[in-house]
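What the coordinates show
Spelled out from the first residue to the last, the chains are:
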Amino acid sequence: MPEGHTLHRLARLHQRRFAGAPVAVSSPQGRFADSAAAVDGRVLRRTSAWGKHLFHHYSGGGIVHVHLGLYGAFTEWERPAADPLPAPVGQVRMRMVGAAFGSDLRGPTVCEVIDESQVAEVVARLGPDPLRRDADPSWAWARIMKSRRPIGALLMDQTVMAGVGNVYRSELLFRHRIDPYRAGQQITEAEFAAAWTDLVALMKVGLRRGKIIAVFPEHDHGAPSYRPDRPRTYVYRRAGDPCRLCGTTVRTAEMEGRNLFWCPTCQS
């Protein structure tokens, strides 16, 4: 599932390519056709993101709300003025066409047109987003310090903190030597403050570079990444491999329906 920096990158890209001009919005697949018609041809005023939610704000009040879920993805393409539009490939839920660029959305969990009050309802269910300037970490800390749930689960709870996925969760806890099974109420305020500051910095790197980079340069050697096109990680997707720091075998287990990765020595 794409993590928060991906949605903020999409918001910035779509703002740059489509905002300030009319956008042709359609649904080649048909499932979004009626809603697409409500914003088709309107000016895209601005884009925004909160956690894993993307919003396209159109003139007239319509707002396209997208949550990519596990399988959703946008495909971006250039549109030379004299060339015909490319035929949709696969099940395109929503197509956006501007003066020089297009974007096709496939497989989202949510793709709907809502209004400002409904946006407020979505946001009200979310915790602070580390990539937003208005983020208030004290709100997340208030939830964590009172909870008996493991911190590994709390970090993935979007109502506690928005935008954190499995990679950030696993790597952040390793970087701060925190056992993912420790209860939230056993995390100290100093530990939380340090982890939040680090998370903001990590997600800003992800926003800028388009990928999660969590391994310090002095540790970025030896064992390859879990996939050729991914940067190295400390523990994420490295179950059964030796820890980059201590050599202990990295472990994995399921926590609230998601795979967890950690080093039992470094994070003891």
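Everything below is about the structure printed above this text.
Residues numbered from 1 in each chain as written. Predicted model: local features only at pLDDT ≥ 70, side-chain atom pairs only at ≥ 80, totals over all residues. Heavy atoms only, no water.

**Concerning the pattern of salt bridges**
Counted according to the given criterion, the structure contains seven salt bridges. Close ionic contact of glutamate 256 with arginine 149 constitutes a salt bridge, the shortest N to O distance being 2.8 Å. Linking glutamate 256 in the loop between β9 (251-255) and β10 (258-262) with arginine 149 in the loop between α4 (137-144) and α5 (151-154), this pair joins segments that are 107 residues apart in sequence. On the accessibility criterion, arginine 149 (29% relative accessible area) is partly exposed. The partner of arginine 232 in a salt bridge is aspartate 220, with the nearest N and O atoms 3.2 Å apart. Highlighted residues: arginine 232 in the loop between α7 (189-209) and β9 and aspartate 220 in the loop between α7 and β9, separated in sequence by twelve residues. Arginine 232 gets classed as partly exposed once you look at its relative accessible area, which sits at 27%. Shared partners join several salt bridges into a network, and the residues in it are Arg149, Asp157 and Glu256. (Salt bridge = Lys/Arg side-chain N within 4 Å of Asp/Glu carboxyl O. Helix = DSSP H or I, 4+ residues; strand = E, 2+ residues; numbered from the N terminus. Buried < 20%, exposed > 50% of the residue type's maximum accessible area, 1.4 Å probe, protein only.)

**Some words on the pairing of strand β6 (residues 92-97)**
Of all six residues making up β6, six are buried, and the element is well covered by its neighbours. Pairing analysis gives three bridges linking strand β1 (residues 24-26) to β6, with the strands arranged antiparallel. The residue of β6 that forms the bridge with valine 25 is methionine 96. Summarising the sheet, β6 and strand β7 (residues 101-106) pair through five bridges and their orientation is antiparallel. Considered in β7, the bridge of valine 92 is made with arginine 106. Hairpin geometry of β6 and β7 is characterised by an intervening segment of three residues between the two adjacent antiparallel strands. (Pairing = 2+ DSSP bridges.)

**Quick look at helix α3 (residues 116-124)**
Residues of α3 that are buried include every one of Val119, Val122 and Val123, and no others. An end-on view of α3 places all buried positions within 95 degrees of arc, on one side of the element. (Arc of directions from axis to C-beta.)

**Considerations on the packing of helix α1 (residues 4-18) against α7**
Interaxial distance between α1 and α7 falls to 8 Å at its minimum, and their mutual angle equals 45 degrees. With respect to each other, α1 and α7 are oriented oblique. Here α1 runs over α7; the crossing is right-handed. Contact residues: α1 offers Gly4, His5, His8, Arg9 and Arg12, while α7 offers Met203, Gly206, Leu207, Arg208 and Arg209. Its residues placed into classes, the contact of α1 with α7 shows two nonpolar, four polar and four charged. (Axes fitted to C-alpha atoms, helices over the stretch in contact; angles between N-to-C directions. Parallel < 35°, antiparallel > 145°, perpendicular 65-115°, else oblique. Left-handed = near helix turned anticlockwise from the far one by under 90°. Contact = heavy atoms within 4.5 Å. Nonpolar A, V, L, I, M, F, W, Y, C, P; charged D, E, K, R; others polar.)

**Some details on the packing of aromatic side chains**
This structure, assessed with the given rule, holds six aromatic pairs. Arranged with centres 5.3 Å apart and planes meeting at 85 degrees, the rings of tyrosine 226 and tyrosine 236 form a pair that is edge-to-face. In this pair, tyrosine 226 is assigned in the loop between α7 and β9 and tyrosine 236 in the loop between α7 and β9, connecting sequence segments ten residues apart. Its relative accessible area of 23% is what places tyrosine 226 among the partly exposed residues. Chaining the aromatic ring pairs together yields one cluster made of Trp141, Phe192 and Trp196. Of note, arginine 175 hangs over the ring of phenylalanine 216, and the distance from its end group to the ring centre comes to 4.3 Å. (Phe/Tyr/Trp six-rings, centres within 6.5 Å; stacked < 30°, edge-to-face > 60°. Lys NZ or Arg CZ within 6 Å of the ring centre and 35° of its normal.)

**Some thoughts on the sheet that holds strand β8 (residues 110-114)**
Strand order across the open sheet formed by four strands is β2-β3-β4-β8, with antiparallel pairing between neighbours. Across the chains shown, the open sheet's two edge strands, defined by having one partner strand only, are β2 (44-50) and β8. Put simply, the sheet's adjacent strands are angled 15 degrees from each other on average, direction ignored. Across six bridges, the pairing between β2 and strand β3 (residues 53-58) is antiparallel. Bridge pairing in β3 links arginine 46 to histidine 57.

**Focus on the environment of arginine 232**
C-alpha separation for the pair arginine 232 and alanine 99, spaced 133 residues apart in sequence, amounts to 39 Å. Not counting residues up to four positions away in its chain, the partners in contact with arginine 232 are Val215, Asp220, His221, Gly222, Ala223, Pro224, Ser225 and Arg244. Of the polar contacts made by the side chain of arginine 232, one reaches the side chain of aspartate 220; its length is 3.2 Å. (Polar contact = N/O pair within 3.5 Å; in protein donor to acceptor, adjacent residues only side chain to side chain.)

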